Amino acid sequence: MKAGRIVGIIQAAVRIGPLGVLRRITYRAFCRVHKLDLADATHAQTGITEYDGVAHSASGGVDLAEAYIALGLQGKISSVLDIGSGKGGALIAFHRLGIPRLHGVELSKTIISTCESNLRKLGIVADVKQMHAVQIASFAPFDLIYTFNTMPRHHLRNLLHSIRKGRSGL
Ligand SMILES: C[S@@+](CC[C@H](N)C(=O)[O-])C[C@H]1O[C@@H](n2cnc3c(N)ncnc32)[C@H](O)[C@@H]1O
């Protein structure tokens, strides 16, 4: 059996085994202790239309950390842009992974104020701007661009096109 496959099997065992469960319980406790609000929010609560974007649900936590490590990104990223940064779930995970420069764009003012409150509770500094994702002027300053189920297909297509254009222009 190849070494890569063995590592994959061990990683999967850790993820679904007692250690993975313990990590997830610990993360849930961390959110509770710090009184973080990472709850889902409907379109009525975010105030944005279905045409412009999806409702809020948080990513981050142990799942994002595991994916980041599995992709071999640890130690290689100094800045991240979370497109549709929501209540900060992913930004918190990126902070815990050691990324020093955290940026986000988020359309909903209500959600941004919850994000600010969450980050304040943890002493995390992030630059979160209130804007529509399609208005982002440049992707060049960021080592990593992240988005989690933020927008419908028509906006996502344009966004990917802009990112590709930005990349090829580097
Ligand atoms: C599924 S949540 C993800 C939140 C965060 N990225 C995370 O992983 O925890 C998607 C977020 O994108 C925001 N959003 C939706 N459409 C957007 C748009 N067109 N521009 C910027 N933000 C948008 C929503 O308000 C919501 O907070």
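Here, every reference points to the structure presented above.
Residues numbered from 1 in each chain as written. Predicted model: local features only at pLDDT ≥ 70, side-chain atom pairs only at ≥ 80, totals over all residues.

Caption draft 1: The arrangement of the site of the ligand in detail. In the region of the ligand, 28 residues are neighbours, and G53, S59, G84, G86 and G89 sit closest. Only α5 (89-96) and β2 (101-106) provide two or more residues apiece to the shell around the ligand. Here the shell around the ligand is built from residues that sort into 10 nonpolar, 15 polar and 3 charged. (Near = placed C-beta within 6 Å. Helix = DSSP H or I, 4+ residues; strand = E, 2+ residues; numbered from the N terminus. Nonpolar A, V, L, I, M, F, W, Y, C, P; charged D, E, K, R; others polar.)

Caption draft 2: Summary view of the nonpolar core. Within the largest apolar cluster, 22 residues are counted, with the highest numbers of intra-cluster contacts made by V80, A90, L91 and F94. Put simply, the parts of the chain that give this core at least two residues each are β1 (79-83), α5, β2 and α6 (109-122). Ranked by residue count, the leading element in this core is α5, at 5 residues. Ignoring anything within four residues of it in the chain, the contact list for V80 reads F94, I99, L102, H103, F142, D143, L144 and Y146. (Core = buried A, V, L, I, M, F, W, Y, C linked by C-beta atoms within 7 Å. Buried ≥ 20, exposed ≤ 12 C-beta atoms within 10 Å, placed from the backbone. Contact = placed C-beta atoms within 7 Å.)

Caption draft 3: Molecular detail of the pairing of β2. Counting buried positions along β2 yields 5 of 6 residues, so the element is predominantly enclosed. In this region the chain leaves β1, passes through α5 and returns to the parallel neighbour β2; the handedness of that crossover is right-handed. In this sheet, strand β3 (residues 127-130) lies alongside β2 in parallel orientation, the contact comprising 4 bridges. Looking across to β3, one finds that H103 is bridged to D127. (Right-handed = clockwise from strand over helix to strand, strands pointing away. Pairing = 2+ DSSP bridges.)

So, to be careful, I would describe these as geometric facts and stop short of saying anything about function.
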